[in-house]
Structure formats: structure tokens, C-alpha cells
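Structure at a glance
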Amino acid sequence: MKRALLLWDIDSTLLLTDGAGMRGMARAGRALYGDSFRWDGVKASGRLDPLIFEDALARNGLVPSEAMHRTFHDAYIRELEEELVRVGERARTMPGIRDTIATLRARSASRNDVVLGIVTGNYTRAAPLKLRACGLDPAWFEIGAFGDEERTRPNLVALALARCARSTGWAPDPKRVVVIGDTPFDVECAHAHGCVAFAVATGIHGMAELAAAGADVVVKDLSDPAPLLALID
């Protein structure tokens, strides 16, 4: 039996929250530092939540500290919860995701040849909030590595691989690990460990840009999961 580990990015890959994440960060920043605290020019796509916050601090002339990180994290989680309630049904999964995940879960149950995981820049506590808001159960993903656990995305992949080995007793061959994401950062972190980079053009990066970044497979979306299933087979 050849098992495969699938490591999913969250934002713009599995789901969209109609901007709830960045609005929550902006609200948390204003609550902590005043209405003049600015997020202009801060880029979030593919990046780790703590580093997004550090970028915002730098643009406001502030030097980050552990205490600032802790305080912002807690404020952001509160604001994110409220934003997701406001967003309601506008929070949604990306095309084909529900059917693809259902197919993979059924395959895992019947053949035990697929392990689902998450590698995301989201804070550990933010990820399940976003997943549940879009009707995805965090328990469906056996392995997780989150943005507040490492400083780089490649390190998150390494963490996920180590956790897979510990929790399942199976140390996957990197060639049987597929990192699924919508940015060149996802491609980079996959190749840093010899994993397969499966890119979906459901974010701000088009298919040509993702191909140029070196993705092994590029699709418009997962309306047709056949290219992903072919990798497992």
C-alpha cells in the first residue's frame, strides 16, 4: 500500500471568509494601538499571521515583543470570531472542495491510503474558526502545523511531517506528500522538502504565475479532483 499525505493551505485554497481575517486584524490593531494604527501595504497572501502583525508594527514605527504578540493574538481571535458571525454565509469553500474532501475521507476510511493535514499561516486558534465557519470539520484533518508554531512555511512542512510520523507511526516519503496551496509560497515550502507542489489558481495568483513558480501540477480549481487523485494513485 502506498499512502499519501495531503497538506492543505486554508485561505483561498480550502475557503474564503470574505475578508474576515484581515478585518479582524485591523480591528484588533485599532483596539490596541488606536485608530491611527494603519495596515496600508501589508500583504497577507501566503504569509504567517505573526509575521503579518510584525509587518504592520514596522509600518507604524513599533518594535515587536513577545507581550505584544500575545496581546494581539488574543484580541485578533476575539475580533475574528465576531467577524465570522457578521460574514455568515458569505464565508464559503472554494469550488469543488466539499466533494473533494468527502472523496478523500471516504477513500481514507475504505483504503487507508490517504492522510489529510493542514499547513497554514493562520494562528492555531484561528484555523478551526475559519474551517467551521465554512462547514469544514477541523477533525477531518489529522495533522496540523500553524503559523504561530514556526517562523517559515518550509519549517511548518517539516513540523507536519514530524507530527505525521509521531501520530500515525508512518514517516511519509516526501514524494508521497502533496502540498496544496494557492501561492508561490506553498510551492516553495513543498519543494524545500522534496514534496509535490499542487497549486490551485483560486487566490490572487493565476495559473501561469504558479506554473512559473515551479508548481508540479496547476489547476484552475478542484471542481474536477481527478488531477489530485491521480497523484495519490
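Now for a quick tour of the structure. (Residues numbered from 1 in each chain as written. Predicted model: local features only at pLDDT ≥ 70, side-chain atom pairs only at ≥ 80, totals over all residues. Heavy atoms only, no water.)

Details of the overall build of the protein
When helices and strands are tallied, the protein shows 9 helices and 8 strands. Relative to a compact globule of 233 residues, whose C-alpha radius of gyration would be 17 Å, the protein shows 18 Å and is just as compact. When the backbone C-alpha atoms are referred to their principal axes, the protein occupies close to 55 × 35 × 35 Å. Within the protein, the fraction of its 233 residues that count as buried is 50%. Look at the contacts in the protein between residues 6 or more apart in sequence, and 68% of them connect residues 24 or more apart. Surface exposure of the protein reaches about 10,400 Å², of which carbon and sulfur atoms provide 51%. The positive charge centre, built from 28 side chains, and the negative charge centre, built from 31, are 1 Å apart in the protein. (Helix = DSSP H or I, 4+ residues; strand = E, 2+ residues; numbered from the N terminus. Rg over C-alpha atoms; globule rule 2.2 N^0.38 Å. Buried < 20%, exposed > 50% of the residue type's maximum accessible area, 1.4 Å probe, protein only. Contact = heavy atoms within 4.5 Å. Areas by Shrake-Rupley, 256 points an atom, 1.4 Å probe, with all protein chains shown as cover. Lys, Arg positive; Asp, Glu negative; His and termini not counted. Charge placed at Lys NZ, Arg CZ, Asp CG, Glu CD.)

Considering the sheet that holds strand β8 (residues 217-219)
One open sheet holds the 6 strands; their spatial order is β5-β4-β1-β6-β7-β8, and the pairing between them is parallel. Across the chains shown, the open sheet's two edge strands, defined by having one partner strand only, are β5 (143-145) and β8. In this sheet, neighbouring strand axes are inclined to one another by 20 degrees on average, regardless of whether the strands run parallel or antiparallel. Relative to β8, strand β7 (residues 196-200) is paired through 3 bridges, and the arrangement is parallel. Its bridge partner lying in β8, A199 is registered against V218. Contacts from helix α6 (residues 153-168) reach β1 (4-8), β4 (114-119), β5 and β6 (177-181) within the one sheet, and its direction differs from that of β5 by about 150 degrees. (Pairing = 2+ DSSP bridges. Axes fitted to C-alpha atoms, helices over the stretch in contact; angles between N-to-C directions.)

Some details on unusual backbone geometry
A positive phi angle is found at S12, which is not glycine, with a value near 70 degrees. Along the polypeptide, S12 turns up in the loop between β1 and β2 (15-16).

Some points on the packing of helix α1 (residues 20-33) against helix α3 (residues 66-87)
Two elements in contact, α1 and α3, have axes separated by 7 Å at closest approach and are oriented at 130 degrees. In terms of axis orientation, α1 runs oblique to α3. α1 and α3 meet at a crossing whose hand is right-handed. Residues A20, G21, R23, G24, M25, R27, A28, G29, L32 and Y33 of α1 pack against M68, T71, F72, A75, Y76, E79, L80, E82, E83, L84, R86 and V87 of α3. (Parallel < 35°, antiparallel > 145°, perpendicular 65-115°, else oblique. Left-handed = near helix turned anticlockwise from the far one by under 90°.)

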